[in-house]
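Tertiary structure, described
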Amino acid sequence: MARKPFVGGNWKMNLHQAEAAQLAAALVQQIAADTSVDVAICPAFPYLASVGELLCDAASPIMLGAQDFYFQPNGAYTGEVSLSMLKDVGVKVVLVGHSERRHVIGESDALINEKVLAALEAGLHVILCVGEKLEQREAGKTDAINAGQIALGLAGVKTAQMKQITIAYEPVWAIGTGKTATPADAQSAHQGIRKQLTALYDASVAGSVRIQYGGSVKASNAKELFSQADIDGGLIGGAALKTDEFMAIIKAAR
Ligand code: PEP
């Protein structure tokens, strides 16, 4: 089944207002009306509204993404941001379970599942990130770790909601390190994920869910990674902060 490639730019805690606006404006101009690849950009919270306005004013097909949120609708949750607030400023896509939230901030699989369910209920598209640490890879546990994080992350997600889900396979040891899984290793992990989706749902769901690869994707390695049968684009960190690099990665996904 042909799946439309999907490339996300995770800006993390980088870029101030002027830089965020400049990068977004350059991407808007270069992508113009090209919809051959779905593209999302995820600025830091303070700039979601201004970047969202820029995308909206240009009628750009680039989707506004958020790096995080809290699953409760409102109330006494100091420092948190709700899904309705994100929707209010034009967010269409949310990241859930990014390795930095799992392993730096300490989010549990139970919290990740609450977030997935709330975001789906809110009608947003979810990029659920999974992936193994180096010691888990070395112990041959890559597929088991992915399977555990997917089963717990997607608990209670109905077949009809799987249209709103993208999985990002991001080996923790490859994120921001300059180390990339070989295309064959990434393909093997993606194939394992698709097999699990068949078991959890059915072949049609497994065949249509996009699985992005993330972990030091660059213009120089994107083409080979994206040419693998089960890799449907990427979630990009460092290389998403530079217009030329990110555009080259988007072109490699076409
Ligand atoms: C990410 O932030 O999800 C990521 C994959 O980062 P990088 O591309 O910098 O490894």
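These numbers were taken from a predicted model, which means no experiment stands behind them.

So, the packing of helix 5 (residues 109-121) against helix 7 (residues 142-153)
Contact geometry for helix 5 and helix 7: axes closest at 8 Å, N-to-C directions at 50°. As the angle between them shows, helix 5 and helix 7 are arranged oblique. Mapping the contact onto sequence places Asp109, Asn113 and Val116 in helix 5 and Gln149, Leu152 and Gly153 in helix 7. By residue class, the composition of the contact of helix 5 with helix 7 is two nonpolar, three polar and one charged.

Observations regarding the nonpolar core
In terms of nonpolar packing, the biggest core is built from 71 residues, with Trp11, Val94, Leu154 and Ile167 touching the most fellow members. With residues near it in sequence (within four places) discarded, Val94 still touches Ala66, Phe69, Leu83, Leu86, Ala119, Leu124, His125, Val126 and Ile127. Core analysis: the second largest hydrophobic core is formed by nine residues, Ala40, Cys42, Ile127 and Ala168 among them.

Here we look at the packing of helix 1 (residues 17-31) against helix 11 (residues 243-253)
Taken N-terminus to C-terminus, the directions of helix 1 and helix 11 make an angle of 35°; their axes are 10 Å apart at the nearest point. The handedness of the crossing between helix 1 and helix 11 is right-handed. Here helix 1 contributes Leu23, Ala26, Leu27, Gln30 and Ile31 to the contact with helix 11, which in turn contributes Thr243, Asp244, Phe246, Met247 and Ile250. Of the residues belonging to the contact of helix 1 with helix 11, the class tally is seven nonpolar, two polar and one charged.

Considerations on helix 8 (residues 183-200)
With 18 residues, helix 8 extends 25 Å from end C-alpha to end C-alpha; this agrees with the ideal 26 Å at 1.5 Å per step. By the burial criterion, the buried members of helix 8 are Pro183, Ala186, Gln187, Ala189, His190, Ile193, Arg194, Gln196 and Leu197. At its buried positions, helix 8 is contacted by strand 5 (125-130), helix 7, strand 6 (165-169), helix 9 (203-208), strand 7 (210-213) and helix 10 (219-226).

Quick notes on empty space enclosed by the protein
Empty space left among the atoms is revealed by rolling a probe the size of a water molecule over them. Using the criterion set out here, one finds two cavities of 30 Å³ or more in the structure. In this structure, the largest cavity spans a volume of roughly 40 Å³. Around the largest cavity, the lining residues are Gly97, Ser99, Arg102, Cys129, Val130, Gly131, Gln149, Glu170 and Val172. At the level of elements, helix 4 (99-105) and strand 5 are the ones that each hand at least two residues to the lining of the largest cavity. Split by residue class, the lining of the largest cavity holds three nonpolar, four polar and two charged. Within this model, the second largest cavity holds a volume of roughly 30 Å³. Lining the second largest cavity, in full, are Ile31, Asp34, Ser36, Val37, Val39, Ile250 and Arg254.

Here's the deal with the state of the cysteines
In this structure the tally under the stated criterion is zero disulfides. This cysteine, Cys42, is not joined by any disulfide, and Cys129 carries the nearest cysteine sulfur, 9.1 Å off. For Cys42, a relative accessible area of 1% translates into the label buried.

Overview of helix 2 (residues 48-57)
When we look at burial in helix 2, the residues that qualify are Leu48, Val51, Gly52 and Leu55. Buried residues of helix 2 fall within an arc of 100° about the axis and therefore sit on the same side. Opposite the buried face of helix 2, at more than 90 degrees from it, the exposed residues are Glu53 and Asp57. Here the buried face of helix 2 lies against helix 1, strand 2 (38-42), strand 3 (63-66), helix 3 (83-88) and strand 4 (91-96). Directly beyond the C-terminal end of helix 2, a positive phi value near 50° is found at Ala59.

Quick word on unusual backbone geometry
At Ala59, a residue that is not glycine, the phi angle is positive and equals roughly 50°. Within the element layout of this structure, Ala59 appears in the loop between helix 2 and strand 3. The phi angle at Ser216 is positive, at roughly 55°, despite the residue not being glycine. Checked against the element boundaries, Ser216 lands in the loop between strand 7 and helix 10. By relative accessible area, Ser216 is classed as buried at 15%.

Calculation notes
- Per chain, the residues get numbers from 1 upward, laid out in the order the sequence is written.
- Totals for whole chains, interfaces and linings use every residue, but because this is a predicted model, local features are given only for residues with pLDDT of at least 70 and side-chain atom pairs only at 80 or more, for both listing and counting.
- Heavy atoms throughout the structure, all of them, feed into the side-chain values; hydrogens and water do not.
- To obtain each axis, a line is fitted to C-alpha atoms, and for helices this fit is confined to the stretch in contact; angles are then taken between N-to-C directions over 0 to 180 degrees.
- Under the DSSP-based scheme used, a helix requires at least four consecutive residues in state H or I and a strand at least two consecutive residues in state E, with every element numbered from the N terminus.
- In these notes the angle categories are as follows: under 35 degrees is roughly parallel, over 145 is roughly antiparallel, 65 to 115 is roughly perpendicular, and the rest is oblique.
- Residue contacts are defined here by distance: any two heavy atoms, one from each residue, within 4.5 Å place the two residues in contact.
- Residue type decides the class: Asp, Glu, Lys and Arg count as charged, Ala, Val, Leu, Ile, Met, Phe, Trp, Tyr, Cys and Pro as nonpolar, and the leftover types, Gly among them, as polar.
- Remark: nonpolar core denotes a set of buried residues (Ala, Val, Leu, Ile, Met, Phe, Trp, Tyr, Cys) joined through side-chain atoms within 4.5 Å.
- Burial status follows relative accessibility: with a 1.4 Å probe on protein chains alone, a residue under 20% of its type maximum counts as buried, one over 50% as exposed, and anything between as partly exposed.
- Should the near helix be turned counterclockwise from the far one by less than a right angle, the crossing is left-handed, whereas a clockwise turn marks it as right-handed.
- A helix is expected to reach a length of 1.5 Å times the quantity of its residues less one.
- The method works on a 1 Å grid over the protein atoms by themselves. A cavity is a set of points holding a 1.4 Å probe that cannot get out, a pocket is an open set with protein on both sides within 12 Å along at least five of seven lines, and residues with an atom within 4 Å of a point line them.
- Grid points are joined across faces, edges and corners, and a volume is the space filled by probe spheres set on the points.
- A pair of sulfur atoms, both from cysteines and within 2.5 Å, is called a disulfide here.
- Working note: the arc is built from the helix axis to C-beta atom directions.

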